[in-house]
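The lines below spell out each chain.
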Amino acid sequence: MISDDKVKERLHFVKHKGHAIFVIDFSHCGVKEMMVLLDMVRADVARHAPGSVLTLADFTGAEIDKTVATRMKEVLTLDRPYVKKSAWVGTESLPHVFYENIKSFSQRDFPTFNTREEAMDWLVAE
């Protein structure tokens, strides 16, 4: 199990150009940690007003297997009403077939970026 402090490090809001962005830091997580964090993301995002949350997910070096990809599809589908825009970085560790399947299943778009800075700039652009 991951500690509350570790969860706060991995799931938190940052300010960027006057906008709040929910950072979901999956970087270098194993499968078990990914599953716990996905459940926490679901609970955190659902506490916000519909169409209000900007999310940035960092998958750098994350371990993503079929179980994680399936849970991601579920969480991202359930989160859809609350999320205004999403951006992803570090998707090299995410198999392309999983990425396409997640987008299709959740009926959402997840543009990918090389850096968190690029992703945040895109998220706050009107």
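Refer to the preceding data block for the structure.
Now for a quick tour of the structure. (Residues numbered from 1 in each chain as written. Predicted model: local features only at pLDDT ≥ 70, side-chain atom pairs only at ≥ 80, totals over all residues. Heavy atoms only, no water.)

Here the focus is the sheet that holds strand β5 (residues 112–113). The 5 strands are arranged β1-β2-β3-β4-β5 in an open sheet whose pairing can be described as mixed. Each end of this open sheet is capped by a strand with a single partner; those strands are β1 (11–16) and β5. In this structure, strand β2 (residues 19–25) lies alongside strand β3 (residues 53–58), joined through 4 bridges in parallel fashion. Looking across to β3, one finds that Phe22 is bridged to Thr55. Each of β1, β2, β3, β4 (83–89) and β5 is contacted by helix α5 (residues 116–124), which is oriented at about 160° to β4, the strand it contacts most. (Pairing = 2+ DSSP bridges. Helix = DSSP H or I, 4+ residues; strand = E, 2+ residues; numbered from the N terminus. Contact = heavy atoms within 4.5 Å. Axes fitted to C-alpha atoms, helices over the stretch in contact; angles between N-to-C directions.)

The next subject is the side chain of Asp25. Within the secondary structure, Asp25 is located in strand β2. In this structure the side chain of Asp25 is engaged in a polar contact, spanning 3.4 Å, whose partner is the side chain of Arg116. Once residues lying within four places of it in the same chain are set aside, the contact partners of Asp25 are Arg10, Leu37, Asp58 and Arg116. (Polar contact = N/O pair within 3.5 Å; in protein donor to acceptor, adjacent residues only side chain to side chain.)

The next thing to look at is the pattern of salt bridges. Inspection of every chain in the model, using the stated rule, returns 10 salt bridges. With a closest N to O distance of 2.8 Å, Glu74 and Arg71 form a salt bridge. With a gap of 3 residues between them, Glu74 and Arg71 both fall in helix α3 (residues 66–79), about one helical turn apart. If you follow the salt bridges from partner to partner, you end up with Arg10, Asp25, Glu33, Asp58 and Arg116 in one network. (Salt bridge = Lys/Arg side-chain N within 4 Å of Asp/Glu carboxyl O.)

In this section: α3. Under the 1.5 Å per step criterion, the end-to-end length of α3 is 20 Å for 14 residues, consistent within 8% with the ideal 20 Å. Taken together, the buried residues of α3 touch α2 (31–45), β4 and α4 (96–106). With a side-chain oxygen lying 3.1 Å from the backbone nitrogen of Thr67, the N-terminal cap of α3 falls on Asp65. (Expected span 1.5 Å × (residues − 1).)

For Val41, the location among the structural elements is in helix α2. Overall, Val41 belongs to the buried group, its relative accessible area being 4%. For the pair Val41 and Val7, spaced 34 residues apart in sequence, the C-alpha to C-alpha distance is 9.8 Å. Excluding residues within four positions of it along the chain, Val41 makes contact with Leu11, Ile24, Val75 and Asp79. (Buried < 20%, exposed > 50% of the residue type's maximum accessible area, 1.4 Å probe, protein only.)

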